[in-house]
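# Structural description and commentary
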Amino acid sequence: YFVEAMVIGASLWGAWLFAGYYSDGDERAFYFMLLAPLVYAAVELCRVPLGILARTQRSYLVRALAIIGIIFAAGVTTKSVSQLGEMMFHPRLMDAAKAKTTLKDAQADRASIDTRIAAADSRVAQYTTELDQIEKRAADNASQLAGLPAQRCERISGTNSRGQRYSNLKCVTDPRTATLNASVAKAGGDRAIVVKSLEDARKARAELDRGAADRKVADAEQAYRNSVNRSQLHSFTAMVYGVDPIEVRDAQVHAFLRIFVFV
């Protein structure tokens, strides 16, 4: 009876903690999760009296029914104690799972860093080429503008319709001047846009550091190894399969968990 009381007490306390952890603050869900453990405790309490019946009753039918009841009660015990066993390993398993997810994310980020670096280098080269072309175009336009003939001015004199004499200064500008001035102004605007894009591309490229990605993966691997080393189940599974604990697969861990908990 003392052993039964220990099993029942541990099962109910574990169920209470389990319900408090997974009910997410919902009081109704909390009490719903405690109903089945209470029934399990009642069944657990019947096991010793059933064992006494199996030894003391003269009727073989009553003995057979008592033995069947003991078997079912043992199934309830298996359910309750296996849940306690899983709860014992659960925190370390969750910690190892989170560390493994972080490690996979870091590895995926490192795997894509080369592609991102190549794309960033391509953008920098593209904007550099465009800037060179704009500079060359602006220089050509400025050179052509400087080579145009100066403005020609000449005095025009004569007599108007009213018989009055007039004398005006008329200046003539090369017609290509306006077009070249517009081209120079446009080249200046284009240059400002490309320079800004080039600065942004160089800044983005500078932020891509493969060394930082490697260090992040190394830190994640160390964190995962520390989590695995704190997980008893990983250590047990590694001993069974003869591998490094960090190389244990999830399927192996859960297969061993089933054996370890239920058997």
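Residues numbered from 1 in each chain as written. Predicted model: local features only at pLDDT ≥ 70, side-chain atom pairs only at ≥ 80, totals over all residues. Heavy atoms only, no water.

Moving on, we come to the confidence of the model for the protein. Low pLDDT marks stretches whose predicted atomic positions should not be read closely. Overall, the predicted model of the protein reaches an average pLDDT of 82, with 87% of residues at or above 70. Of all secondary-structure elements in the protein, the lowest mean pLDDT belongs to strand β2 (residues 165–172), at 66, while helix α3 (residues 47–56) reaches the highest, 90. (pLDDT = per-residue confidence, 0-100. Helix = DSSP H or I, 4+ residues; strand = E, 2+ residues; numbered from the N terminus.)

Take L65: it is sitting in helix α4 (residues 60–147). With relative accessibility at 52%, the residue L65 sits in the exposed group. For the pair L65 and A54, spaced 11 residues apart in sequence, the C-alpha to C-alpha distance is 8.3 Å. (Buried < 20%, exposed > 50% of the residue type's maximum accessible area, 1.4 Å probe, protein only.)

Take the packing of helix α1 (residues 2–22) against helix α2 (residues 27–45) next. For the pair α1 and α2, the least separation of the axes is 9 Å and the interaxial angle reads 170°. Judged on the interaxial angle alone, α2 and α1 are roughly antiparallel. Together, E4, V7, I8, L12, A15, W16, F18, A19, G20 and Y22 of α1 and F30, M33, L34, P37, L38, A41, E44 and L45 of α2 make up the contact between the two elements. (Axes fitted to C-alpha atoms, helices over the stretch in contact; angles between N-to-C directions. Parallel < 35°, antiparallel > 145°, perpendicular 65-115°, else oblique. Contact = heavy atoms within 4.5 Å.)

Contact geometry of α2 with α3 gives a least axis separation of 4 Å together with a crossing angle of 25°. As the angle between them shows, α2 and α3 are arranged roughly parallel. Contact residues: α2 offers V43, E44 and L45, while α3 offers R47, V48 and P49. Split by residue class, the contact of α2 with α3 holds 4 nonpolar, no polar and 2 charged. (Nonpolar A, V, L, I, M, F, W, Y, C, P; charged D, E, K, R; others polar.)

Right, let's talk about the nonpolar core for a bit. Of all hydrophobic cores here, the largest spans 9 residues; its members are F89, L93, L233, A238, V248, V253, F256, L257 and V261. Those elements that place two or more of their residues in this core are α4, α7 (232–241) and α8 (250–262). The dominant element in this core, judged by the number of residues it contributes, is α8, at 4 residues. Filtering out sequence-adjacent residues up to four positions away, V253 remains in contact with L93, L233, H234, T237 and V248. (Core = buried A, V, L, I, M, F, W, Y, C linked by side-chain atoms within 4.5 Å.)

What follows covers helix α6 (residues 210–229). With 20 residues, α6 extends 28 Å between its outermost C-alpha atoms, agreeing within 8% with the 28 Å of an ideal straight helix rising 1.5 Å per residue. Every buried residue of α6 is listed here: A213, V217, A220, Y224, S227 and V228. Here the buried residues of α6 occupy an arc of 95° about the axis, which is enough to place them on one side. (Expected span 1.5 Å × (residues − 1). Arc of directions from axis to C-beta.)

For the coordinates displayed, the defined rule picks out 10 salt bridges. For E4, the salt bridge goes to R47, with nearest N and O atoms at 2.7 Å. Remark: R47 occurs in helix α3 and E4 occurs in helix α1; sequence separation between them is 43 residues. What makes E4 buried here is its relative accessible area of 7%. Of the charged contacts, one joins D109 and R116 as a salt bridge, the two residues approaching to 2.8 Å between their closest N and O atoms. On the basis of relative accessible area, R116 is assigned to the partly exposed category, the value being 35%. (Salt bridge = Lys/Arg side-chain N within 4 Å of Asp/Glu carboxyl O.)

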